[in-house]
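An overview of the molecular structure
Letter by letter, the chains look like this.
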Amino acid sequence: MFALHLVSFLFSKLQEDPTKKVDRFLHAMRLHDDQLRDISARFQAEMKKGLSGESNAAAAVKMLPTHVSSTPDGTEKGQFLVLDLGGSKFKVLHVKVREGVGLRRGEVEMEEKTYPIPNELLSARGAELFDHVSESLKEFLQEKNISLEKKHPMAFTFSFPCEQPALNQGLLLNWSKNYRARSLQQKDVVQTLREAIDRTGGMNIDVLAIVNDTVATMMTCGFEDRNCEVGLIIGTGTNVCYMEELRHVDLVEGDEGRMCVNTEWGAFGDDGTLKDFITEYDREIDAASINPGKQTFEKMISGMYLGELVRLVVLKMAKLGLLFDGYVSEALRTKGKITTENVAAMEENKNGLKNTRDILTELSLNPTPDDCVAVQQVSTIVSFRSSNLVAAGLAGILTRIRQNRNLRALKITVAVDGTLYKTHPQYSKRLHKVVRRLIPECNVRFVVSDHGSSKGAALVTAVAQRLASRKQQVDETLAPFRLSQEQLQLVKARMRAGLEAGLKTRGSSAVKMLPSLVHRLPDGTEHGNFLSFDLGGTYFRALQVKLKTGLQQSSHLYHKIYTVPLEMMQGSGEELFDHIAQCVSDFLDYMGLKNARLPAGFTFSFPCDQKAINKATLVTWTKGFNASHCEGQSVTDMLQEAIKRRNDFDLDIVAIINDTVGTMVSCAYEDPQCEVGLIVGSGTNVCYMEELNNVEKIKPSCPSEGAEDRDEGEKDEANISQMCINTEWGSLGDDGSMDDIITRYDIEMDQNSLNPGKQRFEKLIGGMYLGEIVRQLLLDLTRGGLLFRGRVTDALKTPGIFQTPYLSQIECDRLALLQVRSILQQLGLDSTCNDSIIVKEVCRVVSRRAAQLCGAGMAAVVDKIRENRGLNHLNITVGVDGALYKLHPHFSRVLQETVRVLAPQCDVKFVLTEEGSGRGAALIAAMTRQKQEM
């Protein structure tokens, strides 16, 4: 008989290859690469929709955040319990991570027991189901002699779609896999489990995490392979998870780091996205399922459906007379008679045709060799379509990861679990091949994740414990930088006391409160051409300022910037002022003003004792300057002597001012309410208009300067009753009054500075110092094993290597982690995502403290002005300059918030003043010249 079939087979081969016949019949299932790329693009679009807060509710692919924010780094350890619930049975496990004697690094030891779930509990009340689980858990502990009194951390593998508000919360969205337990949808299943444990009694269990099986699969692999950031299940059902950039996950607060997202990709196509790829067999499968219209992608892929898809195709071909001479057995008509295991057996390399014949014979069919070849080809096409669709979806995920990280090439590992992937003889090879063909720019490694759903859940809990422990230690380190409102109120009170004491002639004060001899602010009548020079840091600026009056009141600036080399900042005073004179000479040549002898204002941003508006004696250097033989000397005289040594130009210096004074005056030129000047750059300082009768330091003759104005009748009493005070507030704390705020990191930074024990307040705020404070913190955290795996580089040990501009880059909202990694690479540090998050937090607390302290000091100043004038409410403008205020993304906001809280009776407007100190010096020169001409 079989010989006759063989003859028939050979004859039919001459007529038509049965595989080609099947290929034509199932052409809709044979997907070429362009179609797969199209499906991949559609899936990427669905992922984006699911991640968006605006479109998630309508998205078929839900993209559920898991709150798993870190994969294992190999240091995890401990003992954990695991409950694994997802099928007709559940498991309880005791997992030891690097706890056993003689275990190699990364090794895990497990004890487990499987418990059945009675069928009636699958549709009973949820409390009854979980009572059974809890009682089985207690039985396991007793059987394994595990202490009931000791507190046990536990992970809960729950393989059903859940919305997770937190790592240890899971709101059940819907049951699947024949589960129908009542009263649990939209309820927290973790809380339900805890309540069941309490009812059972006698156990001390802490449920730390609820985990989807895909997440657990990824974490198991990630314990030994740090490149593993995708988990894939291809078994009875299918799903995938991956590490997404948190900034793209709208459903979770925060935008730093990564979070594992459970895609629930089985629902891809539920909204019709795949309608042009769905065949009549897929529609028939769906119509006969327990959830019609749901899990479209899963029904085209997973092991629950592949055997049935093959049966439906074979059945139709038989009815059309294309198989078995048109004969259809009752078994072939019966749902479920061809299983996915049958499909795998039919595709075996050696015995595939024999297995096919045996399976068909068991279905009461009498297949010819052609029939066997054709049915085997049906199985191949159906399973090949499955692996092709998985490859297309996976290609979409890997492409998104690569693009998220702005990489040309991506090296990544995919952890895989599931019976279809592990037992089908050809499935994995086909999947790997197609993935690599679709995304050649990705180097993808596939790893089978043994015991993934159980071991991985324990590892999620271990990682959560590790991160929680590390976060606590980091928080403890950073705690001294987090200032309370009570501490800020104390700083405000101490600043206020320093301001008051500095105005007195008796006693001493760390806050010097230096009179500037500027009695009034510009009124718009200032006009003419002036020179202005500005020295206050590593740059010297020379400007020509043209002031115009009338309806077109304005100023025009022409400037040139010169560097001040470090060797001159810290060399001799003669060399420094010779360099300044050289810069002035060059600027006058550049502007063609060598013979013009325009009046000049000189912004000199260091503490000075002002003898007259154009006479100032340097009290002390700050901001890294330490030129010799300058302190106690006249600034005007030192500059004029340097000009004489050159003997190629003359300079008429009519005013010397501090940069804060120049900033305030420049802002007041535009805004008459401006009576405060603030600098927050390399250093920090403030000036403000003080009532003259509060300034005991002013000699009795000083008010006569204002009296001249009064005699002329051009200025009212108010304009001669005030004087601008250069507070030099950076020295607050030099007397020890800030010792309870200053940390050990500040002390170490201060001791290594050019002026130990001086400018203590400035060293908490100024841009010259913040980067070094951050470096000291990073070094300490690294030595403590909390950063960079404890590896300290020589660069990290180098003072000054972490520059303050890095803080501004690191704290930028969107590209922060890319900036962090780039900066850390420059320091020779290989950072993980969590390292980068910690570095950003260090930068944040240091810069926030700086802004808060600056705000507390400003609150003291504006409240003093308000009380000086006997006002219940003060409206005032602060003119601001300085790179830290201008460039740091959050400094200005925190500063202003602090002032609002600490000085609620003051409405303070902060106005950024470009070129403030330079234009301000010209304006004061103009006001001085006006006065001299009167």
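Residues numbered from 1 in each chain as written. Predicted model: local features only at pLDDT ≥ 70, side-chain atom pairs only at ≥ 80, totals over all residues. Heavy atoms only, no water.

The next thing to look at is the overall build of the protein chain. The number of helices and strands found in the protein chain is 32 helices and 26 strands. Expected size for 934 residues packed as a compact globule is a radius of gyration near 30 Å; at 39 Å, the protein chain overshoots this value by more than 25%. Here the C-alpha coordinates of the protein chain stretch approximately 130 × 65 × 50 Å along the principal axes. Partitioning the contacts of the protein chain with sequence separation of at least 6, the portion at a separation of at least 24 is 72%. (Helix = DSSP H or I, 4+ residues; strand = E, 2+ residues; numbered from the N terminus. Rg over C-alpha atoms; globule rule 2.2 N^0.38 Å. Contact = heavy atoms within 4.5 Å.)

A separate point is the nonpolar core. By size, the foremost hydrophobic cluster in this structure holds 112 residues, and its most contacted members are Leu678, Phe802, Met858, Phe891 and Phe910. By residue number, the principal contributor to this core is helix α29 (residues 833-868), which donates 17 residues. Membership of the second largest hydrophobic core comes to 82 residues, among which are Leu274, Ala318, Leu323 and Val444. (Core = buried A, V, L, I, M, F, W, Y, C linked by side-chain atoms within 4.5 Å. Buried < 20%, exposed > 50% of the residue type's maximum accessible area, 1.4 Å probe, protein only.)

Scanning the entire structure with this criterion turns up 22 aromatic pairs. Grouping aromatic residues by their ring pairs yields a cluster made of Phe130, Phe156, Phe158, Phe160, Trp175 and Tyr179. Over the aromatic face of Tyr590 sits the side chain of Lys560, whose NZ or CZ is 4.5 Å from the ring centroid. (Phe/Tyr/Trp six-rings, centres within 6.5 Å; stacked < 30°, edge-to-face > 60°. Lys NZ or Arg CZ within 6 Å of the ring centre and 35° of its normal.)

An order of β14-β24-β23-β22-β25-β26 is seen for the six strands of this open sheet, with the pairing classed as mixed. Whereas interior strands pair on both sides, the edge strands pair on one side only; in this sheet they are β14 (514-515) and β26 (906-912). With five bridges joining them, strand β22 (residues 674-680) and strand β25 (residues 874-881) adopt parallel strand pairing. Residue pairing across strands places Ile679 opposite Asp881, the latter belonging to β25. Helix-sheet contacts for helix α22 (residues 659-670) involve β22, β23 (684-691), β24 (722-726), β25 and β26, and the interaxial angle to β22 is about 135°. (Pairing = 2+ DSSP bridges. Axes fitted to C-alpha atoms, helices over the stretch in contact; angles between N-to-C directions.)

Counting buried positions along helix α7 (residues 213-222) gives 10 out of 10 residues, so the element sits mostly inside the fold. All buried positions along α7 are accounted for by Asp213, Thr214, Val215, Ala216, Thr217, Met218, Met219, Thr220, Cys221 and Gly222.

In the sheet, strand β6 (residues 162-166) pairs with strand β7 (residues 169-172) via three bridges, with the strands oriented antiparallel. By the bridge assignment for β7, Glu163 is matched with Leu171. Counted along the chain from β6 to the antiparallel partner β7, the turn is two residues long.

A few words on the pairing of β22. Of all seven residues in β22, seven are buried, a share of seventy percent or more. As paired strands, β22 and β23 are joined by five bridges and run antiparallel to one another. Bridging from a neighbouring strand, Gly677 pairs with Cys687 of β23. Where β22 hands over to β23, the hairpin turn is made up of three residues, counted between the paired strands.

Let's shift gears to the packing of helix α8 (residues 280-287) against helix α10 (residues 303-319). Axis separation between α8 and α10 bottoms out at 10 Å; the angle between their running directions is 120°. Of the possible angle classes, the one that applies to α8 and α10 is oblique. Helix-helix and strand crossings are classified by hand; for α8 and α10 the assignment is right-handed. In contact with Glu280, Tyr281, Asp282, Glu284 and Ile285 of α8, α10 contributes Tyr305, Glu308, Leu309, Leu312, Val313 and Lys316. Along the lines of polarity and charge, the residues of the contact of α8 with α10 split into six nonpolar, no polar and five charged. (Parallel < 35°, antiparallel > 145°, perpendicular 65-115°, else oblique. Left-handed = near helix turned anticlockwise from the far one by under 90°. Nonpolar A, V, L, I, M, F, W, Y, C, P; charged D, E, K, R; others polar.)

The next point concerns the confidence of the model for the protein chain. On average, residues of the protein chain score 87 in pLDDT, and 92% of them are at 70 or above. Confidence drops under pLDDT 50 across residues 9-14; counting only partners more than four residues distant or on other chains, this segment forms five contacts. Contacts of residues 100-105 to residues separated by more than four positions or lying in other chains number five contacts, the stretch itself having pLDDT below 50. (pLDDT = per-residue confidence, 0-100.)

Turning our attention to the environment of Glu128. By secondary structure assignment, the location of Glu128 is in helix α5 (residues 126-143). For the pair Glu128 and Lys91, spaced 37 residues apart in the sequence, the C-alpha separation amounts to 17 Å.

Spatially, the five strands line up as an open sheet ordered β4-β3-β2-β5-β8, and their pairing is mixed. Looking at the sheet topology across the chains shown, the edges are occupied by β4 (108-116) and β8 (205-211). Averaged over all adjacent pairs, the angle separating strand axes in this sheet is 20°, with direction ignored. Pairing of strand β2 (residues 78-85) with strand β5 (residues 152-158), which is carried by five bridges, proceeds in the parallel orientation. Among the inter-strand pairings, Val82 is bridged to a residue of β5, identified as Ala155.

All right, on to the pattern of salt bridges then. Note that side chains of opposite charge can pair when their charged atoms are close. Under the counting rule described, the total for this entry stands at 62 salt bridges. For Lys797, the salt bridge is made with Asp794, and the minimal N-O distance between the two is 3.6 Å. Judged by its relative accessible area of 42%, Lys797 falls in the partly exposed class. Sharing partners across several salt bridges, the network here consists of Lys492, Arg496, Glu500, Glu690, Asp863, Lys864, Arg866 and Glu867. (Salt bridge = Lys/Arg side-chain N within 4 Å of Asp/Glu carboxyl O.)

In the Ramachandran plot, His67 falls in the positive-phi region, its phi being about 65° despite a non-glycine side chain. In this fold, His67 is placed in the loop between β1 (64-65) and β2. If you check the backbone angles, Leu517 has positive phi at about 65° while not being a glycine. Relative to the helices and strands, Leu517 is located in the loop between β14 and β15 (528-535).

By the burial criterion, the buried members of helix α2 (residues 18-25) are Pro18, Thr19, Lys21 and Val22. All buried residues of α2 project into a common sector of 155° when viewed along the axis, lining one side. Within α2, the exposed residues directed more than 90 degrees away from the buried face are Lys20 and Arg24. (Arc of directions from axis to C-beta.)

Inspection of the entire model under this criterion finds zero disulfides. Cys162 takes part in no disulfide bond, and the closest cysteine sulfur to it belongs to Cys260, at a distance of 14 Å. In this structure Cys162 comes out as buried when scored by relative accessible area, which is 7%. (Disulfide = S-S within 2.5 Å.)

What follows concerns the packing of helix α14 (residues 369-404) against helix α16 (residues 427-438). Two elements in contact, α14 and α16, have axes separated by 8 Å at closest approach and are oriented at 40°. Looking at the two axes, α14 sits oblique to α16. Every pair of crossing elements has a handedness; the one defined by α14 and α16 is right-handed. Taking contact as the criterion, the partners of Thr380, Ser383, Phe384, Ser386, Ser387, Asn388, Val390, Ala391, Ala392, Leu394, Ala395 and Leu398 in α14 are, on α16, Tyr427, Arg430, Leu431, Val434, Val435 and Leu438. Taken together, the residues of the contact of α14 with α16 sort by class into 12 nonpolar, five polar and one charged.

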